[in-house]
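Tertiary structure, described
Listed here are the chains, written in short residue letters.
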Amino acid sequence: MEFLIISGLSGAGKSRTADSLEDLDFYCVDNMPVALIPKFAELCLATRGRYERVALVTDIRERESFEELFRALDGLWELDCEYKILYMEADIPTIVYRYKETRRRHPLATDGISVEEAIKREVALLEPVRERADYVITTTGMTLGMLQKEIYGIFVGDSLDRVLSVNVLSFGFKYGIPIESDLVFDVRFIPNPFYVAELRNLNGLDEAVKKFVFKHRDTTEFMNRLQDFVMFLLPQYVEEGKHTLTISVGCTGGKHRSVAIGEALTCFIRDNGHSAQLINRDLEKS
């Protein structure tokens, strides 16, 4: 079992880090009392593989001393449970700005103590944790995408190893554009099989409809350009840290053209080494 302790300065991005780790199939728990860490590990181990990757967030809001944290971590070794410590930090001006922006109170800020003084105190208190950390991430000047890239670099490796899940979603404009769409393509310029009597009651998964849709020169040209465009974008989204991409393809009713184009695009994406699935939202609607 992979066990990760996330600690560091308040406002340095621990919660954002936990969110990104959840996307990497970590089971994340925020602010668990340190005394419960060994018991929690025992429960995870007892599930026999149900929780393979676990991340626990602990910070200065936890009132126990960090000596108690270290004792709890020693308890993990006694369980033969290996762990790593990820320490999050940022410079003082950055954290002060973040607290002003969110209007939240720093956990060590009491009457008569400024946010800056509270941060300096927290830095000193957490120094023993930082010294024992296996990984240190400094989030000064980082965007969320940059943070995700850093986390991927530690826990996944090179960007080529990352998995972007692509959903190709066919739909009918008459039923509305899917709200989950990242990219939307309109294929209503392609001649409509609906107006061909022998094709009207078929759909874009039927060979006769596919042949009709792809026999047109404009369809071929569109697919070539669409494929080039998608293959340019996918590595960019992976690098940016995106996990799921929804490409919506729409025609009038979502039954013929969008389904045929969507299936062809899904196969193309799979053939080029990416994970993709086709969702035909409006195929069964009358």
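Note that the structure is a prediction, hence the values are computed from the model and not measured.

1. What to know about the overall build of the chain
Regarding its fold elements, the chain presents 9 helices and 9 strands. Along the longest, intermediate and shortest principal axes, the C-alpha atoms of the chain span 80 × 45 × 35 Å. Expressed as a percentage of its 286 residues, the buried residues of the chain come to 46%. Pairs at least 24 residues apart make up 78% of the contacts formed inside the chain by residues separated by at least 6 positions. Here the chain holds 35 positive side-chain charges and 45 negative ones, and the gap between their average locations is 7 Å.

2. Notes on the pairing of strand β4 (residues 83-89)
With 6 of 7 residues buried, β4 is to be regarded as a mostly interior element. Two strands pair when backbone bridges link them, and β4 and strand β5 (residues 135-138) are joined in this way by 4 bridges, in the parallel orientation. Counterpart to leucine 86 in the pairing with β5 is tyrosine 135.

3. What to know about the pairing of strand β6 (residues 165-172)
Across the 8 residues that make up β6, a large majority, 7, are buried. The pairing of β6 with strand β8 (residues 244-251) spans 8 bridges and is classified as parallel. The residue bridging valine 168 from the neighbouring strand is isoleucine 247, located in β8. Sheet analysis places β6 next to strand β9 (residues 275-280), joined by 6 bridges and oriented parallel. Across the sheet, residue serine 170 finds its bridge partner in β9, namely asparagine 280.

4. Details of helix α1 (residues 14-23)
For α1, the full list of buried residues reads Lys14, Thr17, Ala18, Ser20 and Leu21. The arc that holds every buried residue of α1, seen down its axis, measures 165°, which confines them to one face. Check the buried side of α1 and you find it contacts β1 (2-8), β2 (27-30), β3 (53-57), β4 and α6 (144-155).

5. Points about the environment of phenylalanine 232
When you line up the elements, phenylalanine 232 lands in helix α8 (residues 217-240). Overall, phenylalanine 232 belongs to the exposed group, its relative accessible area being 52%. For the pair phenylalanine 232 and phenylalanine 171, spaced 61 residues apart in the sequence, the C-alpha separation amounts to 24 Å.

6. Looking at unusual backbone geometry
Positive phi, close to 60°, is recorded for asparagine 31, a residue that is not glycine. Considering the arrangement of structural elements, one finds asparagine 31 in the loop between β2 and α2 (37-46). Overall, the relative accessible area of 29% leaves asparagine 31 in the partly exposed class. Although it is not a glycine, aspartate 80 sits at a positive phi angle of roughly 60°. Relative to the elements of secondary structure, aspartate 80 occurs in the loop between α3 (66-78) and β4. Of the residues examined, aspartate 80 reaches a relative accessible area of 70% and is grouped as exposed.

7. Some thoughts on the packing of α1 against α6
At a minimum axis separation of 10 Å, α1 and α6 run at an interaxial angle of 55°. Taken together, the axis directions place α1 and α6 in an arrangement best described as oblique. Of the two elements, α1 crosses α6, and the hand of that crossing is right-handed. Contact with α1, carried on its side by Arg16, Thr17, Ser20 and Leu21, involves Leu144, Leu147, Gln148, Ile151 and Phe155 of α6 and no other residues of that element. Per-class residue counts for the contact of α1 with α6 are 5 nonpolar, 3 polar and 1 charged.

8. Things to note about α6
Over its 12 residues, α6 runs 16 Å from end to end, which matches the ideal 16 Å to within 8%, given 1.5 Å per residue. Restricting attention to buried positions, one finds in α6 the residues Gly145, Leu147, Gln148, Ile151, Tyr152 and Phe155. Across the axial projection of α6, the buried residues extend over an arc of 155°, all falling on one side.

Reading the values: rules and limits
Residues numbered from 1 in each chain as written. Predicted model: local features only at pLDDT ≥ 70, side-chain atom pairs only at ≥ 80, totals over all residues. Heavy atoms only, no water. Helix = DSSP H or I, 4+ residues; strand = E, 2+ residues; numbered from the N terminus. Buried < 20%, exposed > 50% of the residue type's maximum accessible area, 1.4 Å probe, protein only. Contact = heavy atoms within 4.5 Å. Lys, Arg positive; Asp, Glu negative; His and termini not counted. Charge placed at Lys NZ, Arg CZ, Asp CG, Glu CD. Pairing = 2+ DSSP bridges. Arc of directions from axis to C-beta. Axes fitted to C-alpha atoms, helices over the stretch in contact; angles between N-to-C directions. Parallel < 35°, antiparallel > 145°, perpendicular 65-115°, else oblique. Left-handed = near helix turned anticlockwise from the far one by under 90°. Nonpolar A, V, L, I, M, F, W, Y, C, P; charged D, E, K, R; others polar. Expected span 1.5 Å × (residues − 1).

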